[in-house]
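In case you want the letters, here they are:
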Amino acid sequence: LLERYVSLFQSYNKHTNLSAVRTEEGIWLKHIIDSLMLLRFEEVKGKLLDIGSGGGLPSIPLAIARKQLHVSMLDSVGKKVKACEHFIEQLELKNANVIHGRAERLAQDEAYADKFDIVVSRAAFDDIVSPLSNDRVVAVQRGDGVAGGISVDRVGSCGTECGISAGDYNRSGRSVDRLRAVV
């Protein structure tokens, strides 16, 4: 199923810009493997929200790898929402859905507050994320951010690994007790 997703992604990316990565090898290395690395470091179960999912990364690979995981993809860009809907339909993913909107608004909607067990993002990460998660937040950042990403848990003691302080992610008034590198 991952191979089918890569093929669909590559084909869709030819007419709708989802990623600058165009080759099959590049998609595997920079998107699929990167998305699935989360499974090595975090217990991923329950309900997951992917903020700024773009072409469905990391959410679609995670939904394929963990059938018991329910994945919601959030993006404000209509063409990316449409792409994710296409991928979900073509891959017949029963554990995935797409939300067209902005994280700032979703965070203020009581229907979504504390409804997700884990929130992930490769594209966006700030004080709007914390109100959506009742458990933990993971930022899988690109090359210009922390190498590999950061995991924010509400367990343990406060740390500053990778030069990130818990205060950087505590602007929403929710407590963040520990930051640790996941890759």
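Computed from a predicted model, the values in this text were never measured in an experiment.

A.B. asks: Quick rundown of the confidence of the model for the protein chain? Include the residues and the values.
C.D. replies: Across the protein chain, pLDDT averages 74, with 67% of residues at or above 70. The least confident element of the protein chain, judged by mean pLDDT, is strand E7 (residues 178–181) at 34; the most confident is helix H5 (residues 78–91) at 98. Scored below 50 in pLDDT, residues 126–131 makes 18 contacts in the model with residues more than four places away or belonging to other chains. Contacts from residues 140–183, a stretch scored under 50 in pLDDT, to residues over four places away or in other chains number 98 contacts.

A.B. asks: A description of H5 should follow, citing residues and the corresponding values.
C.D. replies: In a regular helix each residue adds 1.5 Å, so 14 residues correspond to 20 Å; H5 covers 20 Å between its end C-alpha atoms and thus fits that length. Contact partners of the buried residues in H5: helix H1 (2–15), helix H4 (59–65), strand E2 (70–75) and strand E3 (96–100).

A.B. asks: With reference to specific residues and values, describe the packing of aromatic side chains.
C.D. replies: Across all of its chains, the model carries five aromatic pairs by this definition. Pairing Tyr5 with Phe87 gives two aromatic rings, centres 5.4 Å apart and planes at 85 degrees, and the pair type is edge-to-face. One end of the pair, Tyr5, is in helix H1; the other, Phe87, is in helix H5, and 82 residues separate them in sequence. The class of Phe87 is buried, set by a relative accessible area of 0%. Ring-pair connections join several aromatic residues into one group, and the members of that group are Tyr5, Phe9, Tyr12 and Phe87.

A.B. asks: How would you summarise the pattern of salt bridges if you had to cite specific residues and measurements?
C.D. replies: A full pass over the atoms with the stated rule returns one salt bridge. Taking the shortest distance from any N to any O, the salt bridge between Arg102 and Glu104 comes out at 3.3 Å. When its relative accessible area of 41% is taken as the criterion, Arg102 is described as partly exposed. Relative accessible area serves as the criterion here: at 32%, Glu104 is assigned to the partly exposed category.

Procedures and definitions
- Residues numbered from 1 in each chain as written.
- Predicted model: local features only at pLDDT ≥ 70, side-chain atom pairs only at ≥ 80, totals over all residues.
- Heavy atoms only, no water.
- pLDDT = per-residue confidence, 0-100.
- Helix = DSSP H or I, 4+ residues; strand = E, 2+ residues; numbered from the N terminus.
- Contact = heavy atoms within 4.5 Å.
- Expected span 1.5 Å × (residues − 1).
- Phe/Tyr/Trp six-rings, centres within 6.5 Å; stacked < 30°, edge-to-face > 60°.
- Buried < 20%, exposed > 50% of the residue type's maximum accessible area, 1.4 Å probe, protein only.
- Salt bridge = Lys/Arg side-chain N within 4 Å of Asp/Glu carboxyl O.

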